[in-house]
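# Fold and contact review
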Amino acid sequence: MKRIYRHILGLLLLAACAAVWVFSSGLARKELRTRTCQGKGKLQVTVTDSLERRFVARADVQEWLDKEYGAYAGLPLDSVDLTRIEKLISLHSAVRDCEAWITDDGILHVEISQRQPVIRLEDGQNACYADETGYLFPLQSRGSVNVPVVSGKIPFPLEKGFKGYLQQADDALWLQRVIGLVNYMKGTVWEKDIRKVLVRGNGELVLYPVQGKEEFLFGPPVRVEEKFKLLTAYYRSVAPSKEPGYYSKVDLRYRKQLVCKK
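## Looking at unusual backbone geometry
- In the Ramachandran plot, Asn202 falls in the positive-phi region, its phi being about 65 degrees despite a non-glycine side chain.
- Along the chain, Asn202 turns up in the loop between strand E8 (194-199) and strand E9 (205-209).
- In the Ramachandran plot, Lys256 falls in the positive-phi region, its phi being about 60 degrees despite a non-glycine side chain.
- The residue Lys256 is located in the loop between strand E11 (249-251) and strand E12 (259-261) in this model.
- Residue Lys256 is classed as exposed on the basis of its relative accessible area, which comes to 80%.

Written out as structure tokens, the structure reads:
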């Protein structure tokens, strides 16, 4: 009999807890409907990586919300579509991630992280950035980043205003290989000693040093480490044996050999 009483008591406690939860949830929903979102003067925008680059500012976010979302000030808190706000802001090319939330005082908070360019591509008419993943996005009207420039006959069109990934597999592979080349030079002596990367026909590269008049014929952006070993050998063994400017072209395209031309 006692077991039955304990079972009944347990069911009553469970029902009481459920009733309290339903009641409190109803109060919470009612409170959300009565509290309203603050105006744009209270908008809080955090750009987590603003010290590294300044593509996005609070004024930009406010303008995007005004034009693309519409009025949110005065709306009940549960009527503000935070998911839509995040999607709208994330559509802008310099934005990598976005999170939006509203605090109990009705203030809308937006936290943004920006895309990090690793190279700048130029074809003589248009230019764009590419990030580590190969995502292309336009140069930004606000702020700029000092990254290696790859210019010349880029093997795919740089369409003005384009943002996104390349759809052709060959183009995407070439871009990833160029990004790999730039990453290889980063933090080494070559990062400062190579001033220019030029693209010639068929996507082949030519490197130009800061000092000297040599053209280093790199060819396709493959076998990167091997070619830089040849370049190191040129500066250690070949160049010191001749007067400055003796060679005008240094071909790195062949395996385990340098071809130098006057």
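## What about the nonpolar core?
- Among the nonpolar cores identified, the biggest contains 34 residues, and Ile119, Leu121, Phe156, Trp174, Leu175 and Phe228 are the most heavily contacted of them.
- Elements with a minimum of two residues in this core: strand E4 (117-122), strand E5 (127-131), helix H4 (169-185), E8, E9, strand E10 (215-219) and helix H6 (224-238).
- The greatest single-element share of this core, amounting to seven residues, is contributed by H4.
- Counting residues in hydrophobic clusters, the runner-up holds 27 residues, among them Val56, Leu65, Ile89 and Ile112.

## Some remarks on the side chain of Ser151
- By the secondary structure assignment, Ser151 is in strand E7 (residues 149-152).
- Owing to a relative accessible area of 14%, Ser151 belongs among the buried residues under this scheme.
- The residues touching Ser151, leaving out its near neighbours within four places in the chain, are Glu122, Lys196, Val197, Leu198 and Val199.

## Some details on the sheet that holds strand E1 (residues 44-47)
- Strand order in this open sheet of three strands is E1-E3-E2, and the pairing throughout is mixed. The open sheet has two edge strands with one neighbour each: E1 and strand E2 (95-102). When the angles between neighbouring strand axes are averaged without regard to direction, this sheet yields 15 degrees.
- On top of the sheet, helix H2 (residues 58-69) reaches E1, E2 and strand E3 (108-114); it is set at about 115 degrees to E3, its chief contact.
- Contacts between helix H3 (residues 82-90) and the sheet are confined to E2 and E3, with E2 contributing the most and set at about 155 degrees to the helix.

## Some remarks on the packing of H2 against H3
- Running from amino to carboxyl end, H2 crosses H3 at an angle of 115 degrees, the nearest separation of the two axes being 10 Å. Considered as vectors, H2 and H3 are oriented roughly perpendicular to each other. When the axes of H2 and H3 are compared, the crossing they make is right-handed. Residue-level inspection shows Val61, Trp64, Leu65, Glu68 and Tyr69 of H2 in contact with H3, the latter providing Arg84, Ile85, Leu88 and Ile89.
- Grouping the amino acids of the contact of H2 with H3 by side-chain chemistry returns seven nonpolar, no polar and two charged.

## Some remarks on the sheet that holds E5
- If you trace the nine strands from one edge of the open sheet to the other, you get E6-E5-E4-E7-E8-E9-E10-E11-E12, paired in mixed fashion. Lying at the two open borders of the sheet, with one neighbouring strand each, are strand E6 (136-138) and E12. Adjacent strand axes in the sheet meet at a mean angle of 25 degrees, parallel and antiparallel pairs treated alike.
- Running at roughly 120 degrees to E4, H4 makes contact with E4, E5, E6, E7, E8, E9 and E10 of the sheet.
- The sheet contacts of H6 involve E9, E10, E11 and E12, and relative to E10 the element is tilted by about 160 degrees.

## Digging into the pattern of salt bridges
- The tally for this structure, following the rule as stated, stands at 14 salt bridges.
- The salt bridge involving Asp131 is made with Arg115; its shortest N-O contact spans 3.2 Å. Residue Asp131 is found in strand E5, and its partner Arg115 is found in the loop between E3 and E4; the two are separated by 16 residues along the sequence.
- On the basis of relative accessibility, which here comes to 7%, the residue Asp131 falls in the buried class.

## Comments concerning the layout of surface pockets
- By volume, the largest pocket amounts to about 360 Å³.
- Along the walls of the largest pocket sit 18 residues, with Val118, Val147, Pro148, Val182 and Glu191 positioned nearest its centre.
- When residues of the lining of the largest pocket are traced back to their parent elements, those giving at least two are E4, H4, helix H5 (189-193) and E8.
- Element by element, the count of residues in the lining of the largest pocket is highest for E8, at four residues.
- Tallied by class, the residues present in the lining of the largest pocket amount to eleven nonpolar, three polar and four charged.

Basis of the calculations
Residues numbered from 1 in each chain as written. Predicted model: local features only at pLDDT ≥ 70, side-chain atom pairs only at ≥ 80, totals over all residues. Heavy atoms only, no water. Helix = DSSP H or I, 4+ residues; strand = E, 2+ residues; numbered from the N terminus. Buried < 20%, exposed > 50% of the residue type's maximum accessible area, 1.4 Å probe, protein only. Core = buried A, V, L, I, M, F, W, Y, C linked by side-chain atoms within 4.5 Å. Contact = heavy atoms within 4.5 Å. Pairing = 2+ DSSP bridges. Axes fitted to C-alpha atoms, helices over the stretch in contact; angles between N-to-C directions. Parallel < 35°, antiparallel > 145°, perpendicular 65-115°, else oblique. Left-handed = near helix turned anticlockwise from the far one by under 90°. Nonpolar A, V, L, I, M, F, W, Y, C, P; charged D, E, K, R; others polar. Salt bridge = Lys/Arg side-chain N within 4 Å of Asp/Glu carboxyl O. 1 Å grid on protein atoms, 1.4 Å probe; cavity = no way out; pocket = protein on both sides within 12 Å on 5 of 7 lines; lining within 4 Å. Points joined across faces, edges and corners; volume = space filled by probe spheres on them.

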